[in-house]
Amino acid sequence: MTKRLFELVLLLAVAGCADRGIVDNEEGETGGPEPGELYGECMDASDCFDEWCVHPANEPGFCTYPCEQGCATELGEPTTCLTVEGEGVCALECSASGTCPTGMRCEQIESAGQARSICF
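Residues numbered from 1 in each chain as written. Predicted model: local features only at pLDDT ≥ 70, side-chain atom pairs only at ≥ 80, totals over all residues. Heavy atoms only, no water.

Peer 1: Before we go on, may I ask you to explain the side chain of E107 in this structure?
Peer 2: Inspection of the secondary structure puts E107 in strand β6 (residues 106-111). Side-chain polar atoms of E107 contact the side chain of R105, separated by 3.4 Å. (Helix = DSSP H or I, 4+ residues; strand = E, 2+ residues; numbered from the N terminus. Polar contact = N/O pair within 3.5 Å; in protein donor to acceptor, adjacent residues only side chain to side chain.)

If you want it as structure tokens, here you go:
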């Protein structure tokens with residue numbers, strides 16, 4: 001599956017959340033990654049070092065890569081493999097805590113038929 005198609009599928013999955021903006025400085029947030037790095041903010045795949053950007057329609061998202069490469073991070077948030085159309089990409093899970101790194105917000109989406117809370 002191409003990276004662009006991957007973006008489109010996730011866009012459709014979270015299109016109902018398109019009117020939300022990024023919330024900064026919420027209580028419980030941790031430091032965020034630099035733009036272009038894993039989980040750094042992006043609007044397009046060209047914004048990311050690994051050329052994978054997952055985002056809701058017309059909103060910033062995050063840079064990522066396939067789960068096979070490993071999803072470890074030093075951000076203090078649990079990582080997960082987000083499945084979209086049978087393909088998996090790394091994401092930050094916020095179901096338990098409801099918190100995300102600075103510049104990201106916890107968004108409930110549906111992935112592979114399950115409700116998930118992911119940092120965007």
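Peer 1: I keep staring at the sheet that holds strand β2 (residues 53-54) and nothing clicks. Help me out?
Peer 2: The strands that make up a sheet pair up through hydrogen bonds in the backbone, lying either parallel or antiparallel. As summarised here, the arrangement of the three strands in space is β1-β3-β2, forming an open sheet in which the pairing is antiparallel. Every interior strand has two partners, whereas the edge strands, β1 (41-42) and β2, have only one. With two bridges connecting them, β2 and strand β3 (residues 61-63) associate as antiparallel partners. Looking at the pairing, V54 lines up with F62 of β3. (Pairing = 2+ DSSP bridges.)

Peer 1: Before we go on, may I ask you to explain the nonpolar core in this structure?
Peer 2: Nonpolar side chains in soluble globular proteins tend to end up buried together. Membership of the largest hydrophobic core comes to 21 residues, with the highest contact counts inside it found for Y39, F62 and I118. Broken down by secondary-structure element, the contributors of at least two residues to this core are β5 (87-92) and β7 (114-119). With four residues, the single largest contributor to this core is β5. Leave out the neighbours within four places in its chain, and Y39 touches P33, F62, C63, C71, T73, L75, T79, C90, A91, L92 and M104. (Core = buried A, V, L, I, M, F, W, Y, C linked by side-chain atoms within 4.5 Å. Buried < 20%, exposed > 50% of the residue type's maximum accessible area, 1.4 Å probe, protein only. Contact = heavy atoms within 4.5 Å.)

Peer 1: Sorry if this is basic, but what is going on with the side chain of E93 here?
Peer 2: Tracing the sequence through the fold places E93 in the loop between β5 and β6. A polar atom in the side chain of E93 sits 3.2 Å from the side chain of R116. If we skip the residues at most four places from it in the chain, E93 touches P78, T80, R116, S117 and I118.

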